[in-house]
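Remarks on the overall topology
The chain contents come next:
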Amino acid sequence: MHNTATMLIELGAIILALGLLGRLAGRVGFSPIPLYLLAGLAFGNGGILALQASEEFIAVGAEIGVILLLLMLGLEYSASELVTNLRTQYPSGAVDFVLNAVPGAVAALILGWGPVAAVALAGVTWISSSGVIAKVLGDLRRLGNRETPVVLGVLVIEDLAMAVYLPILITVLAGAGLAGGSVTLLIALGTVGAVLYLALRHGRLISRAVSSDNPEMLLLVVLGLTLLVAGLTQELQVSAAVGAFLVGIALSGEVAEGASNLLTPLRDLFAAVFFVFFGLSTDPADIPPVLVPALLLAFVTALTKIATGWYAARRAGIKSAGRWRAGGTLVARGEFSIVIAGLAVGVEPRIGPLATAYVLILVVVGPLTARWTEPLARKLTGRRKTPVGPERAAPEPAKV
């Protein structure tokens, strides 16, 4: 009973603090994500006041936060739009890999950590944070911008690439044979393919089965289906985030709109919990010794991500302002980077603190680059601001 009371007090204090921080950020026109992270650092091990009773609950809440962020992104787009994006964006995905994975691999080799750690650190620097970027796009009201499908296309390619990369990494770390790694990889790819096929071919039937005039029933069915699919995909060595995203694109029309309206408050709550948990899992004392290499790596890979977004948006025919916005939006790293570092800690213990410092830097810098890269580029190049209209996507026909 005492533990329950303590947990309720801790959760109440955290959620109240998040509400006040969010209000403060809104008043100064700033993303609340960095403030949520700092709150996590303050309440984590080595912080001002370490939490005890509610840590496990917050860990589960953080996973739900990432799942809801990706579900809501999926609800914005249809399955056919996703496939079109993948077909047109795969060269951008290749450029993304080369520009952003190579610096991490090179850094690990320079630090003398060996080839296995190089494979892991390449993943840490390669993958942008879908969770952070989804929140930033919502905060900056850019979901309707013409460059946003380009950003999402790059993110989806990265998330799907994780279905290939993670089994390879786990095999390399474990020193497993080629056969064992190949089976894991085939299962992961088969899972993604099956879910994507269902979303494409039977999305309308899924929407019809899920549809309900009762908001309570709609919320329960959509949330339950999303968590179920996310859990199954994770069990099959695929990211839960990918599963949630694919559920989102499988739903369309009034069902997608209704689910989006119902889930928005839940997404905002659990997304905030995710960013707090990210800070909670970091001991501030581990950061100073690795701060210099983390800062150098963050600086280089922030520039390479901006270049990636600029290139991807240019290929899609987006104007200059949208190219810079796309690049700045992709800078943040987050959940996948921490997962990859956690897997590799057993082989190279120093990768954990470096990855944590690196991600904390870019998860704070990411919302800033998303907001200020385009105005800064415009100022440096002497271009005048273009009207908002041409940079917005044309209204989509109603989904059926």
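Residues numbered from 1 in each chain as written. Predicted model: local features only at pLDDT ≥ 70, side-chain atom pairs only at ≥ 80, totals over all residues. Heavy atoms only, no water.

Observations regarding the overall build of the protein
Applied cut-off: Secondary structure counts use DSSP, requiring at least four H or I residues in a row for a helix and at least two E residues in a row for a strand, with both numbered from the N terminus. Only protein chains enter the calculation, and the probe is 1.4 Å; a residue is then buried if its accessible area is under 20% of its type maximum, exposed if over 50%, and partly exposed in between. In this description, accessible areas are obtained by the Shrake-Rupley approach with a 1.4 Å probe, and a residue is regarded as covered only by the protein chains that are shown.
Along the backbone of the protein there are 15 helices and zero strands. Within the protein, the fraction of its 400 residues that count as buried is 50%. For the protein, the exposed surface amounts to about 18400 Å²; the carbon and sulfur share of it is 68%.

A word on the packing of helix H12 (residues 291–315) against helix H13 (residues 320–329)
As a reminder of what qualifies: For helices, the fitted line uses only the C-alpha atoms of the stretch in contact; every axis is such a line through C-alpha atoms, and the angle between N-to-C directions lies from 0 to 180 degrees. Under this scheme an angle from 65 to 115 degrees is roughly perpendicular, one under 35 degrees roughly parallel, and one over 145 degrees roughly antiparallel; angles in between are oblique. What makes a crossing left-handed is the near helix being turned counterclockwise from the far one by less than a right angle; a clockwise turn instead makes it right-handed. Any two residues whose heavy atoms approach within 4.5 Å at even a single point are treated as in contact. Under the convention adopted here, Pro, Cys and the residues Ala, Val, Leu, Ile, Met, Phe, Trp and Tyr are nonpolar, Asp, Glu, Lys and Arg are charged, and Gly plus all remaining residues are polar.
One way to put it is that H12 packs onto H13 with a least axis distance of 7 Å and a crossing angle of 140°. It follows from the interaxial angle that H12 and H13 lie oblique. Helix-helix and strand crossings are classified by hand; for H12 and H13 the assignment is right-handed. Two secondary-structure elements touch here, H12 through Lys305, Ile306, Gly309, Trp310, Ala313 and Arg314 and H13 through Gly322, Arg323, Trp324, Ala326, Gly327 and Gly328. Grouping the amino acids of the contact of H12 with H13 by side-chain chemistry returns five nonpolar, four polar and three charged.

Let's talk about the nonpolar core
The condition is simple: Residue types Ala, Val, Leu, Ile, Met, Phe, Trp, Tyr and Cys, when buried and joined through side-chain atoms within 4.5 Å, form a set referred to as a nonpolar core.
Within the largest apolar cluster, 110 residues are counted, with the highest numbers of intra-cluster contacts made by Leu70, Leu71, Leu121, Met162, Val222, Ile340 and Tyr358. Excluding residues that lie within four positions of it along the chain, valine 222 makes contacts with Leu71, Val210, Leu251, Ala259 and Leu263.

A closer look at the environment of alanine 118
Relative to the helices and strands, alanine 118 is located in helix H5 (residues 115–126). When the C-alpha atoms of alanine 118 and alanine 107 are compared, they prove to be 7.6 Å apart, with eleven residues separating the residues in sequence. Discounting chain neighbours no more than four positions away, the residues touching alanine 118 are Ala105, Ala108 and Leu109.

So, the packing of H12 against helix H15 (residues 351–381)
Between H12 and H15, whose axes approach to 9 Å, the crossing angle comes to 40°. One finds that H12 runs oblique with respect to H15. When you trace H12 past H15, the crossing you get is right-handed. Residues Leu291, Pro293, Ala294, Leu295, Leu297, Ala298, Thr301, Ala302 and Ile306 of H12 touch H15, and the partners they reach there are Leu354, Ala357, Tyr358, Ile361, Leu362 and Thr373.

Looking at unusual backbone geometry
The phi dihedral of arginine 141 is positive, around 55°, even though this residue is not glycine. Looking at the element boundaries, arginine 141 is found in the loop between helix H6 (130–139) and helix H7 (148–174). Judged by relative accessible area, arginine 141 falls into the exposed class, the value being 72%.

Considering the pattern of salt bridges
To keep things clear, this is the line we draw: Counted as salt bridges are all cases of a side-chain nitrogen of Lys or Arg within 4 Å of a carboxyl oxygen of Asp or Glu.
Summed over all chains, the structure comprises seven salt bridges. In this structure, lysine 305 and aspartate 96 form a salt bridge, with 2.8 Å as the shortest nitrogen-oxygen distance. Here the residue lysine 305 occupies a position in helix H12, and aspartate 96 occupies one in helix H4 (residues 79–110), the gap between them amounting to 209 residues. A residue is classified by how much of its surface remains accessible, and aspartate 96, at 1% relative accessible area, is buried. In the salt-bridge network here, residues are joined through shared partners; they are Glu147, Arg325, Glu374 and Arg378.

Here we look at the confidence of the model for the protein
Applicable threshold: Each residue carries a pLDDT score, the predictor's confidence in it, ranging from 0 to 100.
Here the protein shows a mean pLDDT of 80. Residues at 70 or above account for 86%. Ranking the helices and strands of the protein by mean pLDDT puts H12 first, with 95, and helix H8 (residues 178–210) last, with 72.

Quick word on the side chain of serine 92
One can find serine 92 in helix H4. Judged by its relative accessible area of 0%, serine 92 is buried. Discounting chain neighbours no more than four positions away, the residues touching serine 92 are Val154, Thr308, Tyr311, Ala312 and Arg315.

Observations concerning the packing of aromatic side chains
The following threshold applies: Stacked, edge-to-face and tilted are the three classes for Phe, Tyr and Trp ring pairs, Trp counted by its six-membered ring, which pair at centre distances within 6.5 Å; planes under 30 degrees apart are stacked, over 60 edge-to-face, the rest tilted. Think of it as a cone above the ring: NZ of Lys or CZ of Arg counts as a charge over the ring if it is within 6 Å of the ring centre and within 35 degrees of the ring normal.
Using the criterion set out here, one finds three aromatic pairs in the structure. Seen from their ring centres, tryptophan 310 and tryptophan 324 are 6.3 Å apart, and the 55° between their planes marks the pair as tilted. Linking tryptophan 310 in helix H12 with tryptophan 324 in helix H13, this pair joins segments that are 14 residues apart in sequence. Of the residues examined, tryptophan 310 reaches a relative accessible area of 28% and is grouped as partly exposed. The aromatic ring of tryptophan 310 is capped on one face by arginine 323, whose charged end is 5.1 Å from the ring centroid.

A short note on H13
Given 3.6 residues per helical turn, the α-helix brings residues three or four places apart onto the same face. Here H13 lies mainly inside the structure; eight of its ten residues are buried. The set of residues buried in H13 consists of Ala321, Gly322, Arg323, Arg325, Ala326, Gly327, Gly328 and Thr329.

So, the environment of valine 164
Mapped onto the elements of the fold, valine 164 is located in helix H7. Judged by relative accessible area, which is 29%, valine 164 ranks as partly exposed. Residues valine 164 and leucine 189, 25 residues apart in the sequence, show an inter-C-alpha distance of 7.1 Å.

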